[in-house]
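# Per-entry structural report
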Amino acid sequence: MAPFQGITNLVFREVFTCHFTGVNKLLTPFFTSIHKQNLSTSRSKELLHVSEHGIPVVPQILSKDADEMLRFAGFCQQLGFDEINWNMGCPYPRVARKGRGSGMLPHPDKVEEILSQIMPELPLKLSVKLRLGYENPDEILNLIPVFNHFPLEELAIHARVGKQLYKGSANFTAFERAMQQSTIPVGYNGDIFTKKDYLKVNDLFPKLSFVMLGRGLLADPFLPATIKQQPVPELAEQKQLIRRFVDDLYFERRKQHRDGLQTLGNMKEYWWYLSFSFSNPHKVFSRVKKVKSFNDYEDAVNSLFSDFEWVGHQANLFKKEKNK
Ligand SMILES: Cc1cc2nc3c(=O)[nH]c(=O)nc-3n(C[C@H](O)[C@H](O)[C@H](O)COP(=O)(O)O)c2cc1C
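Here goes a summary of the coordinates provided. (Residues numbered from 1 in each chain as written. Predicted model: local features only at pLDDT ≥ 70, side-chain atom pairs only at ≥ 80, totals over all residues. Heavy atoms only, no water.)

## Thoughts on helix α11 (residues 235–256)
- In this model α11 runs 31 Å from its N-terminal to its C-terminal C-alpha over 22 residues, within 8% of the 32 Å that 1.5 Å per residue would give.
- When α11 is considered as a whole, its buried residues turn out to be Gln238, Lys239, Ile242, Phe245, Val246, Leu249, Tyr250, Arg253 and Arg254. Here the buried residues of α11 occupy an arc of 165° about the axis, which is enough to place them on one side. For α11, exposure combined with an orientation more than 90 degrees from the buried face picks out Ala236 and Lys255.
- Each element contacted by the buried residues of α11 is listed here: α1 (10–19), α12 (262–274) and α14 (294–307). (Helix = DSSP H or I, 4+ residues; strand = E, 2+ residues; numbered from the N terminus. Expected span 1.5 Å × (residues − 1). Buried < 20%, exposed > 50% of the residue type's maximum accessible area, 1.4 Å probe, protein only. Arc of directions from axis to C-beta. Contact = heavy atoms within 4.5 Å.)

## Focus on the site of the ligand
- Surveying the vicinity of the ligand reveals 17 residues, the closest of which are Pro3, Lys129, Asn189, Asp191 and Arg215.
- Separating an oxygen atom of the ligand from a backbone N or O atom of proline 3 is a distance of 2.7 Å.
- Contact between the ligand and phenylalanine 30: an oxygen atom at 3.2 Å from a main-chain N or O atom of the residue.
- A total of 620 Å² of accessible area belongs to the ligand in isolation, and the protein chains cover 90% of it.
- Here the ligand is seated within the largest pocket.
- Tallied by class, residues from the shell around the ligand come to seven nonpolar, seven polar and three charged. (Near = heavy atom within 4 Å. Polar contact = N/O pair within 3.5 Å; in protein donor to acceptor, adjacent residues only side chain to side chain. Areas by Shrake-Rupley, 256 points an atom, 1.4 Å probe, with all protein chains shown as cover. 1 Å grid on protein atoms, 1.4 Å probe; cavity = no way out; pocket = protein on both sides within 12 Å on 5 of 7 lines; lining within 4 Å. Sits in = over half its atoms within 2 Å of the grid points. Nonpolar A, V, L, I, M, F, W, Y, C, P; charged D, E, K, R; others polar.)

## Details of the packing of helix α3 (residues 66–79) against helix α5 (residues 108–118)
- Running from N to C, α3 and α5 cross one another at 45°; their axes reach a closest spacing of 9 Å. Comparing their axes, α5 and α3 come out oblique. The element α3 and its partner α5 pack so that their crossing is right-handed. Contacts between α3 and α5 involve Ala66, Met69 and Leu70 from the first element and Ile114, Gln117 and Ile118 from the second.
- For the contact of α3 with α5, the per-class residue count stands at five nonpolar, one polar and no charged. (Axes fitted to C-alpha atoms, helices over the stretch in contact; angles between N-to-C directions. Parallel < 35°, antiparallel > 145°, perpendicular 65-115°, else oblique. Left-handed = near helix turned anticlockwise from the far one by under 90°.)

## Re unusual backbone geometry
- Positive phi is not limited to glycine here, since serine 33 has a value of about 55°.
- Its place among the elements puts serine 33 in the loop between β1 (26–31) and α2 (41–45).
- For histidine 53, which is not a glycine, the phi torsion comes out positive at approximately 50°.

## Comments concerning the pattern of salt bridges
- Inspection of the entire model under this criterion finds 13 salt bridges.
- Residue lysine 125 is joined to glutamate 153 by a salt bridge in which the shortest nitrogen-to-oxygen separation is 3.9 Å. Separated by 28 residues along the polypeptide, lysine 125 in strand β5 (residues 125–133) and glutamate 153 in the loop between α6 (139–148) and β6 (155–161) bring together distant segments of the chain.
- Overall, lysine 125 belongs to the partly exposed group, its relative accessible area being 33%.
- Looking at glutamate 153, the relative accessible area reads 29%, which means it is partly exposed. (Salt bridge = Lys/Arg side-chain N within 4 Å of Asp/Glu carboxyl O.)

Nothing here speaks to function; it is geometry throughout.
In structure tokens, the structure reads:
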């Protein structure tokens, strides 16, 4: 499961794995600005579980500072984690301009310096999530030889450059070049919305170690199980299970926020993705988008479940929206 700041936090990971199968690793949204030996209580609460229903959780860090990374690693090790993940993919100009996230990709010398400093002391495994480059998809070709010098666990590559944000298409040619160069296990990330998308990627890159699912999984939580050919119920039963899942998520978030109204913001953010597996995504989302109270939210969810069909990922509405 790919990480999503604001969505795939502890509560989401816990509730998701309670309802669905198919995922075998859960990345946390990134942690940053770790200035002290210990994280604040609210941030460390997010790292309360080293696994969810037997599925390992991997804390992610966004940093360009070796000392900060070692502090975070030490903290995660004390909590019992086995691996951390380094974010070199975040595309947002605010982050990239400071040389963090995908802003680190044009600087293999800096990456080498950090890895040389941290790897001898790192108390747990390190994986990296990255893009092909910041401006240009060849940037990764100068980075892979650096990664190859270190015993990294795996590389999850989102087949776009930072400057693209989420626009345009994934670059299969540049991804393949990078994968061929790597002696570290490589996973693919980017635009897997249906089983067909997965089969295409798997066909093109038979040596892949794993795929990482993001928006496709948020839109249809049955996608991982479908890909893994695990039993998945018919659409009508899926709809009932999705209802139970979103209700659990909602009530758990209310508990987390002690009935604070930010629950509504969280749920709206998630509904934007989930709506793409209903028959009319725009109408579904507009019902949820405007709610201002818990009563409004509950009425909106009741009405949308009775008025719209659950069509799942087969309908491929996410991609249709993207290609408009
Ligand atoms: C709102 C949002 C928040 C995200 N937060 C993170 C994050 O914290 N860490 C990270 O590595 N990637 C983050 N991503 C990127 C996703 O993990 C993923 O790489 C991206 O959506 C591409 O995969 P997909 O096409 O399967 O969705 C975020 C993406 C979005 C849209």
